[in-house]
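A look at the structure
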Amino acid sequence: PAPGDSGGALGAALYVYHVLLGKQRSFVQNHSYWGKAYGNDHIGKALSEASVAAENVFDDETLAHLMVEDLLAGKVISLFQGRFEWGPRALGNRSILADPRLANMKEIVNTKIKFREPFRPFAPAVLEERAAEYYDCPDAPERIHPLRYMLMVCPVKEGKETIIPAVTHAGGTGRVQTVRQEWNPLYHQVIKGFGDETGVPVVLNTSFNLRGEPIVNTPSNALNTFRKSGIDTLYMGNFVVRK
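The text that follows walks through the structure, step by step, so that each part is easy to find.

About the cut-offs
- Residues numbered from 1 in each chain as written.
- Predicted model: local features only at pLDDT ≥ 70, side-chain atom pairs only at ≥ 80, totals over all residues.
- Heavy atoms only, no water.
- Helix = DSSP H or I, 4+ residues; strand = E, 2+ residues; numbered from the N terminus.
- Contact = heavy atoms within 4.5 Å.
- Buried < 20%, exposed > 50% of the residue type's maximum accessible area, 1.4 Å probe, protein only.
- Pairing = 2+ DSSP bridges.
- Axes fitted to C-alpha atoms, helices over the stretch in contact; angles between N-to-C directions.

This brings us to the side chain of Ser 32. Relative to the assigned elements, Ser 32 resides in the loop between helix 1 (5-20) and helix 2 (40-49). If we skip the residues at most four places from it in the chain, Ser 32 touches Pro 1, Phe 84, Glu 85, Trp 86, Leu 91 and Tyr 149.

Okay, the environment of Ile 113 next. With respect to the helices and strands, Ile 113 occurs in helix 4 (residues 105-114). Residues Ile 113 and Glu 182, spaced 69 residues apart in sequence, show a C-alpha to C-alpha distance of 30 Å. Beyond its immediate chain neighbours, meaning those up to four positions away, Ile 113 contacts Val 76, Ile 96, Ile 108, Leu 210, Ser 229, Gly 230 and Ile 231.

With five of its seven residues buried, strand 6 (residues 173-179) lies for the most part within the structure. In this sheet, strand 6 lies alongside strand 4 (residues 123-127) in parallel orientation, the contact comprising three bridges. Opposite Leu 127, over in strand 6, you have Val 179 as the bridge partner. The pairing of strand 5 (residues 152-155) with strand 6 spans four bridges and is classified as antiparallel.

Attention now moves to the sheet that holds strand 1 (residues 55-56). Across the sheet, nine strands lie side by side as 1-9-8-2-3-7-4-6-5; this open sheet has mixed pairing. Of all strands in the sheet, those bounded by a partner on one side alone are strand 1 and strand 5. Across four bridges, the pairing between strand 2 (residues 77-80) and strand 8 (residues 233-236) is parallel. Paired with Ile 77 across the strands is Thr 233, a residue of strand 8. Packed onto the sheet, helix 8 (residues 219-228) meets strand 2, strand 8 and strand 9 (239-242) and runs at close to 170 degrees relative to strand 8.

Dropping the structure here:
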């Protein structure tokens, strides 16, 4: 799921180990959260050094509730949690999230946050158990690994395009990320909470970065991007930073 030099190197090593050396397979990569994590102490220090006021929320249920409230209010939020993603896609640990039901949300995120052309599309993150309600996938979503990594484009089910216009391509497709609770409990809880409130278990997800910059890694990176963009709220570890 990391197309490019990093994924190619790992693939070559695995090919040698399993095919040429005949070693038995003992590992299956079910997620991409293999990067470095930053604890609340590190995050708190970064906030203090930057003189940024933040609210402490030490309960994931409350954090998820606050995020859902922001999304319902039409706000754009950023989520910085746990280990960052290995590969080219932000999958809920270094992500920008928004309401996919708002037709103008694509333009808002592109022009005020990502600073790129307004036609550029965004990806839908959907609960794995409900993906088949919105997308025509070739098999059961839980069996299609590329869907976990936002590496597959699927047709949107007829009638659903108008429900989630901000994450639907002009041709009626979406570059889907399916989310399972065991891989990312907080992210799953946010999408489920949003679905409970709206009937739509889908959120707009794009990488937490500005145009021409890599996806944020450290808390300082996150704060810098938050300041320079139109993101409304930053959820970082157990801290909530608002503008």
